[in-house]
Amino acid sequence: MRLLRSTDLALRVLMRLAVADGTTPTTRDVAAGMEVPYTHAAKVVAELQHLRLLDARRGRGGGLALTEEGRTASVGAVVRAFEGEGDVVDCEGSAPCPLNSGCRLRAALRRAQEAFYASLDPLTVRDIVADPTGPLLLGITRR
Ligand code: SF4
């Protein structure tokens with residue numbers, strides 16, 4: 001199972017802001033520090049703002065900051081929000097699979113997908129920036 005690039009980037013943005021220590025980097029700062037295109041970062045930031053996980057203030061002195069919800073957000077919830085509810089296999093695409101109506105594999109994959117999310121549910125953004133990740137992240141993205 002591979003996560004969407006936007007899911008991984010959303011988690012990295014949250015992690016970066018979790019170690020901001022009172023500073024408010026801009027979307028451009030975050031994109032540059034993570035070496036990702038600004039437009040991609042901006043879309044992810046907009047979605048995180050929509051989810052109320054960060055505040056984005058415009059203008060002089062503006063920038064990005066985690067909300068309290070963002071600081072304590074479950075990693076599993078963030079991954080679910082960005083990945084959506086779809087199955088890991090496209091059983092009903094343009095050429096629906098003939099086993100679709102009674103497939104044990106599909107049910108097993110759904111359970112595996114749920115187990116994957118469930119293993120991430122207890123982790124918070126704060127947890128995943130504990131040592132050594134937080135200081136390392138700050139060292140490579142400080143702008
Ligand atoms: S075999 Fe099962 S899991 Fe695979 S595409 Fe068909 S319905 Fe989906």
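Residues numbered from 1 in each chain as written. Predicted model: local features only at pLDDT ≥ 70, side-chain atom pairs only at ≥ 80, totals over all residues. Heavy atoms only, no water.

J.: Residues and numbers for the layout of surface pockets, please.
T.: Estimates place the volume of the largest pocket at around 230 Å³. Lining the largest pocket we find 13 residues, and of these T27, V45, A56, R58 and L64 sit closest to its centre. Elements that contribute at least two residues to the lining of the largest pocket include exactly α3 (38-50), β1 (54-57) and β2 (63-66). Ranked by residue count, the leading element in the lining of the largest pocket is α3, at 5 residues. A class-by-class count of the residues in the lining of the largest pocket yields 6 nonpolar, 5 polar and 2 charged. (1 Å grid on protein atoms, 1.4 Å probe; cavity = no way out; pocket = protein on both sides within 12 Å on 5 of 7 lines; lining within 4 Å. Points joined across faces, edges and corners; volume = space filled by probe spheres on them. Helix = DSSP H or I, 4+ residues; strand = E, 2+ residues; numbered from the N terminus. Nonpolar A, V, L, I, M, F, W, Y, C, P; charged D, E, K, R; others polar.)

J.: So what's going on with empty space enclosed by the protein? Which residues, and what values?
T.: Inspection of every chain in the model, using the stated rule, returns 1 cavity of 30 Å³ or more. Space inside the largest cavity adds up to approximately 40 Å³. Looking at the largest cavity, the residues that line it are D87, V88, V89, C91, R106, L109, R110 and Q113. Class assignment for the residues of the lining of the largest cavity results in 4 nonpolar, 1 polar and 3 charged.

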